[in-house]
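# Structural characterization, general
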Amino acid sequence: MNIYHESGLRQFCEELLTRIGMAEENAKVVADSLIQANLEGIDSHGISRLPIYVKRFMDKRITLNPSIQMTKMTPSILIVDGDHGLGHIVSYYAIKEAIGMSKENGMTAIAIKNSNHFGTASYFCQLACEQNLACIALTNSPPGIAPWGGKEAFFGTNPIAFGFPTGTDQPVIIDLSTSIVARGKIILAAKQGNRIPDDWAIDDEGKPTNDPEAALRGSLLPIGGAKGSALALAVEILTGVLTGSAFGPHVKNIYDDRETEYAKVGHFFILMDIEKFMELNMFFASIQNLLDEMKSVSKAEGTKEIRYPGERRKKDSEKKRKEGILLSSSVEMELLEIGSKYNVNFPPPLTLQKIK
């Protein structure tokens, strides 16, 4: 394991993607999303995803430079066909288009079909918050959760995210999967040869397992039992059915080498212009009062600080920008191999003296 500066990893991502033919602007979007995930401690959605993305670009299961089609059905409804591009790229341009629509009309609903994995939902919430817009972000994904009472994976992990601007550089960002844990963490554990907690998943016989490989063959458990399963269904309806995308077991897994079809992932976003609801400074003052009062609640034994969602991400990001990003040996090896394959130099690690 070694530590790397985020700028070196970002440059590696951009150079590798442009080397295989991706447009420079698109490469910057993908690299920014991946490295931001690493900075915020969401390594399962960070640079470790780059090798599988490149593999699927080259075997044409993901469109390298998609021709994204956007249709304004009404002043506040945007329908997007992502041309089977990477979800980071498709969603980025959809959000950019919807920002202007939302500032003019107050709200925009975005329905996206023919897309792929889009990284962290929080990334798009942050884009909206930078424009003083609130955001709800949803996506479906390949089967990972059994419906409550079942033992066969049917729903995706189907993340739900919310973003609220606060008038500072630290918005409230709530990003959670409807499974106990994101599937990406199981994938990363399998890559690293690590065990997982006993309450994360079941095997293909419906029995609890701490083996990530068995978990990937079986099913993740929904958060909150039947309630999490119900939320996964709601996300599936909005992102799969309403967008015209694949849903449930029909969403294809890019990690499955036997698969030949497009993933057909769906996303659904809602953007809200705060100023159309109330005066902006009043909103910022009110949300700050809410957060301050929440953080001042009497603390349970062993709790040093009550934090709101987004605080840890911000602190992790600031720390890792200074000290570097730790990559596991298995991820390092994959990145070195793919860099060598396409003649792109992987950055040297930081020395311990530089990061102290």
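Just so you know, these numbers come straight off a predicted model, no measurement behind them.

## Some thoughts on the packing of aromatic side chains
- Taken as a whole, this structure holds 10 aromatic pairs when the rule is applied.
- A centroid spacing of 4.9 Å and a plane angle of 90° characterise the contact between Phe-12 and Phe-346, whose relative ring orientation is edge-to-face. With a gap of 334 residues between them, Phe-12 in helix α1 (residues 6-19) and Phe-346 in the loop between α11 (329-341) and α12 (352-355) connect regions that are remote in the sequence. With respect to burial, Phe-12 and Phe-346 carry one shared label: buried.
- Taking the centre distance of 6.1 Å and the plane angle of 40° together, the rings of Phe-118 and Phe-269 count as tilted. Taken together, the residues Phe-118 in the loop between β4 (107-115) and α5 (121-129) and Phe-269 in strand β11 (residues 265-273) connect sequence positions 151 residues apart. Of the two residues examined, Phe-118 and Phe-269, each falls in the buried class.
- Taken together, the ring pairs in this structure connect Phe-118, Tyr-123, Phe-124 and Phe-269 into an aromatic cluster.

## Considerations on the sheet that holds strand β9 (residues 208-209)
- Ordered by their spatial adjacency, 3 strands build an open sheet running β9-β8-β10, and the pairing between neighbours is antiparallel. Of all strands in the sheet, those with a lone pairing partner are β9 and β10 (219-220), marking the two edges.
- Bridge count for strand β8 (residues 201-202) against β10 is 2 bridges, and the pairing is antiparallel. Counted as the bridge partner of Ala-201 is Leu-220 from β10.

## Some words on the pattern of salt bridges
- Per the counting criterion, the structure on display carries 19 salt bridges.
- One salt bridge connects Arg-321 with Glu-6, and the closest N-O pair in it is separated by 3.4 Å. Placement of the pair is Arg-321 in helix α10 (residues 311-323) and Glu-6 in helix α1, with a sequence separation of 315 residues.
- Exposure remark for Glu-6: the relative accessible area of 11% places this residue in the buried category.

## Points about the nonpolar core
- Counting residues in each nonpolar core, the largest one holds 38 residues, and the members touching the most others are Phe-12, Leu-17, Ile-47, Leu-50, Phe-57 and Leu-327.
- Of all the secondary-structure elements, those providing two or more residues to this core are α1, α2 (24-39), α3 (50-58), β12 (325-327) and α11.
- Among the elements that take part in this core, α2 stands out by supplying 6 residues, more than any other.
- Those residues in contact with Leu-50 that sit more than four places away from it in its chain are Phe-12, Cys-13, Leu-16, Leu-17, Leu-34 and Leu-335.

## Here's the deal with the environment of Asp-32
- Note on placement: Asp-32 falls in helix α2.
- Linking Asp-32 and Phe-247, residues 215 residues apart in sequence, is a C-alpha distance of 28 Å.
- Every residue in contact with Asp-32, bar those within four places of it in the chain, is listed here: Arg-10 and Tyr-123.
- Within the local environment of Asp-32, its side chain forms a polar contact with the side chain of Arg-10, the two groups lying 2.8 Å apart.

## Some remarks on α2
- The terminal C-alpha atoms of α2 lie 22 Å apart, and with 16 residues this matches the ideal 22 Å at 1.5 Å per residue to within 8%.
- Buried within α2 are the following residues: Asn-26, Ala-27, Val-29, Val-30, Ala-31, Ser-33, Leu-34, Ile-35, Gln-36, Ala-37, Asn-38 and Leu-39.
- Of the surrounding elements, those touching the buried residues of α2 are α1, α3, α4 (87-105), α5, α10 and β12.
- Following α2 by one or two positions, Gly-41 has its phi on the positive side, about 85°.

Calculation rules
Residues numbered from 1 in each chain as written. Predicted model: local features only at pLDDT ≥ 70, side-chain atom pairs only at ≥ 80, totals over all residues. Heavy atoms only, no water. Phe/Tyr/Trp six-rings, centres within 6.5 Å; stacked < 30°, edge-to-face > 60°. Helix = DSSP H or I, 4+ residues; strand = E, 2+ residues; numbered from the N terminus. Buried < 20%, exposed > 50% of the residue type's maximum accessible area, 1.4 Å probe, protein only. Pairing = 2+ DSSP bridges. Salt bridge = Lys/Arg side-chain N within 4 Å of Asp/Glu carboxyl O. Core = buried A, V, L, I, M, F, W, Y, C linked by side-chain atoms within 4.5 Å. Contact = heavy atoms within 4.5 Å. Polar contact = N/O pair within 3.5 Å; in protein donor to acceptor, adjacent residues only side chain to side chain. Expected span 1.5 Å × (residues − 1).

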